[in-house]
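This is what each chain is made of:
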Amino acid sequence: MTYDAIVLGAGAAGMMCAMTAGQRGKRVLLVDHADAPGKKILISGGGRCNFTNLHTAPDRYLSANPHFAKSALGRYRPHDFLALVERHGIAWHEKTLGQLFCDGSAKQIVAMLVAECGAGDVAWSLGSALSAVEYRDGVFHVMIDGQAHAARALVLATGGPSIPKMGATGFAYDLARQFGLSVVQPRPALVPFTLGADDALFRDLSGVSAPVEVRWNKVLFREAALFTHRGLSGPAMLQISSYWQHRTPIGVNFVPDMPVDWLLEEKRRRPQGSVRQALARHLPERLTDALLARAEVKGELGAQRDAALRQVQSQLSNWPFHPSGTEGYAKAEVTAGGISTSELSSQTMEARRLPGLFAIGEAVDVTGWLGGYNFQWAWASGWAAGMAL
Ligand SMILES: Cc1cc2nc3c(=O)[nH]c(=O)nc-3n(C[C@H](O)[C@H](O)[C@H](O)COP(=O)(O)OP(=O)(O)OC[C@H]3O[C@@H](n4cnc5c(N)ncnc54)[C@H](O)[C@@H]3O)c2cc1C
């Protein structure tokens, strides 16, 4: 069978690309080894799919080339996807920080994309084992379940290796390398941290959460942190994990809303109160106890020297954690790194050295913050390629 394009991967980016090209009259085959499309969409946003973010901007993406995403994100915007969602009568709401979710279920987003592919007469091949992919005489040849298919364009949309038990693979990188494209070292991102023996104390806090400000180098996020039996999670930690480098500390401010010298003020107002009570007014009790186990002050506030209280203030506002690592691809919401943007046109996602080859979505070295940014990249890059096929 011969097509204008074969799209490998029926996830968010692949479906957006296939439907866009199909509706422009292109004959498209959409292939996936899973037996159903959009499995990550289905589990996203706790089953409600955080499908975009109103504050989408290029500076909320990590990439070796921070300018690369500008073109696609600028041409296919959150409101374009929202208009599609509304055309399909899907009810939605804004949660916090510009994050848009379905009121009902992520299944509605998958059904919408499948219907749009139908409107573009896209051909499907699901549950298919892909074997050889070759390029000869300007045509891509793909063996699917032992049958040969050909197209003048091939789109790599098989995502990254995060959550392998859902069928995620590094296949896009293998194919990219086969065709001579370079790959920026992939790594797990939006992933919980593990803590080592030195911080075992904090692993006992499993289930405790607190609003914090977390810092790594000059990057800072202010969201909730969650202690787990293995280490640190919650939105703040997932966000900073995408930037973190091994063997470096992260700094956590457990009292981001407190004014300077707030403990001295407490001492003045409640000298007979204990240090523990003063902290527990702002922090969960179990966390207070764990932090105080490390700080050198105990007893009544009035009995403490100002210098000692200043020291505690400073510790609480820049508590160093030394993660021993992360929970890896098994728990990573996305993969950072991927097919190098230096190989691709930012307008069309087409490989410069091999016209006809495209790469989109998470397979590319563009990784968004938590909060709907990764889907917006999948839609925008899929749309850009779909318009160029
Ligand atoms: C638990 C979880 C929750 C998430 N929640 C959100 C959220 O709420 N908002 C947000 O913006 N992002 C979220 N993400 C991230 C988001 O799901 C991804 O960034 C997005 O799905 C990437 O789209 P993609 O099309 O590039 O890849 P994918 O959606 O991963 O699609 C890739 C497709 O390729 C197929 N495939 C892989 N290997 C092969 C192969 N060898 N042969 C054939 N087919 C193959 C897969 O089966 C899959 O269907 C979440 C991720 C996870 C894991």
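Relevant structure appears above.
Residues numbered from 1 in each chain as written. Predicted model: local features only at pLDDT ≥ 70, side-chain atom pairs only at ≥ 80, totals over all residues. Heavy atoms only, no water.

Let's shift gears to the sheet that holds strand β17 (residues 319-321). With antiparallel pairing, seven strands are arranged side by side in an open sheet as β17-β16-β13-β14-β15-β12-β18. Either end of the sheet is taken by a strand with one partner, and the two such strands are β17 and β18 (323-326). Ignoring which end each strand starts from, the neighbouring axes of this sheet average 40° apart. As paired elements, strand β16 (residues 250-253) and β17 share three bridges and run antiparallel to each other. Residue Gly251 lies in a different strand from β17, and its bridge partner there is Pro320. (Pairing = 2+ DSSP bridges. Helix = DSSP H or I, 4+ residues; strand = E, 2+ residues; numbered from the N terminus. Axes fitted to C-alpha atoms, helices over the stretch in contact; angles between N-to-C directions.)

Let us look at the side chain of Glu116. Residue placement: Glu116 occurs in helix α5 (residues 107-119). It is Arg87 that comes nearest to the buried, bridge-free Glu116 among opposite-charge side chains, at 4.8 Å. (Buried < 20%, exposed > 50% of the residue type's maximum accessible area, 1.4 Å probe, protein only. Lys, Arg positive; Asp, Glu negative; His and termini not counted. Salt bridge = Lys/Arg side-chain N within 4 Å of Asp/Glu carboxyl O.)

This part is about the site of the ligand. Taken together, 30 residues are adjacent to the ligand, and Ala13, Asp32, Thr169, Glu362 and Phe375 come closest. The backbone of His33 places a nitrogen or oxygen atom 3.2 Å from a nitrogen atom of the ligand. Between an oxygen atom of the ligand and a main-chain N or O atom of Gly372, the distance comes to 3.5 Å. For the ligand, whose accessible area on its own is 990 Å², the fraction buried by protein is 92%. Broken down by class, the residue content of the shell around the ligand amounts to 13 nonpolar, 13 polar and four charged. (Near = heavy atom within 4 Å. Polar contact = N/O pair within 3.5 Å; in protein donor to acceptor, adjacent residues only side chain to side chain. Areas by Shrake-Rupley, 256 points an atom, 1.4 Å probe, with all protein chains shown as cover. Nonpolar A, V, L, I, M, F, W, Y, C, P; charged D, E, K, R; others polar.)

Scanning the model with the defined rule gives 18 salt bridges in all. Where Arg310 meets Asp261, a salt bridge forms, and the shortest distance between an N and an O atom there is 3.5 Å. Placement of Arg310 in helix α12 (residues 306-317) and of Asp261 in the loop between β16 and α9 (262-269) is noted, with a sequence separation of 49 residues between them. A relative accessible area of 27% places Asp261 in the partly exposed class. Glu265 is paired through a salt bridge with Arg268; the nearest N and O atoms lie 2.6 Å apart. Residue Glu265 and its partner Arg268 are located together in helix α9, separated by three residues, close to a single helical turn. Among the ionic contacts, a cluster of salt bridges with common partners joins Glu213, Arg215, Arg222 and Asp257.

Within helix α4 (residues 78-87), the full set of buried residues consists of Pro78, Phe81, Leu82, Leu84 and Val85. Looking down the long axis of α4, one finds its buried residues gathered within 155° of arc, a one-sided arrangement. Opposite the buried face of α4, at more than 90 degrees from it, the exposed residues are His79 and Arg87. On its buried face, α4 sits against α1 (12-23), β3 (50-53), β5 (92-94), β6 (99-102), α5 and α13 (373-388). Positive phi appears at Gly89, one or two residues downstream of α4, with a value of about 65°. (Arc of directions from axis to C-beta. Contact = heavy atoms within 4.5 Å.)

The next thing to look at is the environment of Thr2. Looking at the element boundaries, Thr2 is found in strand β1 (residues 2-8). Note: C-alpha distance between Thr2 and His33 (31 residues apart in sequence) is 20 Å. In this view, Thr2 contacts Arg27 and Ala150; residues no more than four positions away in its chain are not counted.

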